[in-house]
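# Examining the three-dimensional arrangement
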Amino acid sequence: MNGKYYVLSEFFVLFVLLPLSLLLPYDFKIKVASVLIGFTYLLVMLFKSGSVSFKLERSINWHSFIKKTTVKLIAIAIITTIYVYVVQPSSLFCVPLSNPGLWVMILLFYTFLSVWPQELIYRTFFFNRYGSFFKDKRLLIVVNAIMFAMAHLFLRNTLVIVLTFLGGLLFAYTFKKTRSTTLVFIEHALYGNWLFTVGMGQILAFPGMEAC
């Protein structure tokens, strides 16, 4: 299962063919089953490789991470707040203000049932499994971001694809520099939860964001 052609075929099936197949008009149950099978395979491969650890990495440079992430979060907050105010002002902080209970539920669900699996797959698994195929690590980051954006094609929203590509670049860069699933998970959760908080969820038409 570690041969070059097997690994490349695996990459094509899991990260190209599967996301594209979700755009086709076939039974929803089959789509869900396909995703679950793919995710189960990835988890098995992750645990077999020993890439997953539930222990906090001791080598984390928290000071540097907090400083850099805070700067990026402030920039994202300013840009997205202005964007929502201009494009759809009725959505600005709508969910946390009108339905704080729903807002908390969304943040918890997104953080632990969306962000964590995504980072296991698209950073931990992807970098450990396919990193050796890229001599230029900048290319690895770009390809990773493209694959991450492709995973969101099923939402059929151009802005989602653009944002997930840009987010993918940020998360891939963080993982390349730190090799820490913990840090990239925290970063992803912070930026994503902010988007839901500021009102981007409604603009991006994410499921469950119809409250406003």
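Shown above is the structure to which this text applies.
## Description of the overall build of the protein
- Of regular secondary structure, the protein possesses 9 helices and 0 strands.
- Scanning the protein from its N terminus toward the C terminus, one meets helices and strands in the order α-α-α-α-α-α-α-α-α.
- Relative to the 2.2 N^0.38 estimate, which gives 17 Å for 212 residues, the radius of gyration of the protein is 18 Å and therefore close to what a compact globule would have.
- Referenced to the eigenvectors of the C-alpha coordinate spread, the extents of the protein come out at roughly 55 × 50 × 30 Å.
- Per-residue burial over the protein gives 43% buried out of 212 residues.
- A separation of at least 24 residues holds for 74% of the contacts in the protein among residues at least 6 apart in sequence.
- For the protein, the accessible area works out to roughly 12100 Å², and carbon and sulfur atoms hold 72% of it.
- Side-chain charges of the protein comprise 18 positive and 7 negative groups, with the mean position of each set lying 9 Å from the other.

## Observations concerning the pattern of salt bridges
- Taken as a whole and judged by the stated rule, the model has 4 salt bridges.
- Residues E119 and R123 are paired through a salt bridge, measuring 2.8 Å at the closest nitrogen-oxygen approach. You can see E119 and its partner R123 sitting in helix 5 (residues 100–130), 4 residues apart, about one turn around the helix. Across the pair, exposure class does not vary: E119 and R123 are buried alike.

## Focus on the side chain of T164
- Among the secondary structure elements, T164 is positioned in helix 7 (residues 158–178).
- One polar contact links the side chain of T164 to the main-chain carbonyl oxygen of I161, over a distance of 3.0 Å.
- Those residues within four positions of T164 in sequence are excluded, and the remaining contacts are A145, F148, A149 and H152.

## Section: helix 6 (residues 137–150)
- Here helix 6 spans 20 Å end to end across 14 residues, near enough to the 20 Å set by a 1.5 Å rise per residue.
- Listing the buried residues of helix 6 in full gives L140, I141, V143, N144, A145, M147, F148, A149 and M150.
- The elements touched by buried residues of helix 6 are helix 1 (4–21), helix 5, helix 7 and helix 8 (181–198).
- Its side-chain oxygen placed 2.9 Å from the backbone nitrogen of R138, D136 serves as the N-cap of helix 6.

## Focus: the layout of surface pockets
- Quantified by volume, the second largest pocket comes out at close to 260 Å³.
- Lining of the second largest pocket is provided by 15 residues; of these, S64, F65, K68, K177 and T178 occupy positions nearest its centre.
- Of all elements in the fold, only helix 3 (62–87) and helix 7 reach the threshold of two or more residues within the lining of the second largest pocket.
- Counting residues per element, the lining of the second largest pocket draws most heavily on helix 3, which supplies 5 residues.
- For the lining of the second largest pocket, the residue count by class is 4 nonpolar, 7 polar and 4 charged.

Scoring rules and cut-offs
Residues numbered from 1 in each chain as written. Predicted model: local features only at pLDDT ≥ 70, side-chain atom pairs only at ≥ 80, totals over all residues. Heavy atoms only, no water. Helix = DSSP H or I, 4+ residues; strand = E, 2+ residues; numbered from the N terminus. Rg over C-alpha atoms; globule rule 2.2 N^0.38 Å. Buried < 20%, exposed > 50% of the residue type's maximum accessible area, 1.4 Å probe, protein only. Contact = heavy atoms within 4.5 Å. Areas by Shrake-Rupley, 256 points an atom, 1.4 Å probe, with all protein chains shown as cover. Lys, Arg positive; Asp, Glu negative; His and termini not counted. Charge placed at Lys NZ, Arg CZ, Asp CG, Glu CD. Salt bridge = Lys/Arg side-chain N within 4 Å of Asp/Glu carboxyl O. Polar contact = N/O pair within 3.5 Å; in protein donor to acceptor, adjacent residues only side chain to side chain. Expected span 1.5 Å × (residues − 1). 1 Å grid on protein atoms, 1.4 Å probe; cavity = no way out; pocket = protein on both sides within 12 Å on 5 of 7 lines; lining within 4 Å. Points joined across faces, edges and corners; volume = space filled by probe spheres on them. Nonpolar A, V, L, I, M, F, W, Y, C, P; charged D, E, K, R; others polar.

Note that every value here comes from positions in space, so none of it alone points to a role or purpose.
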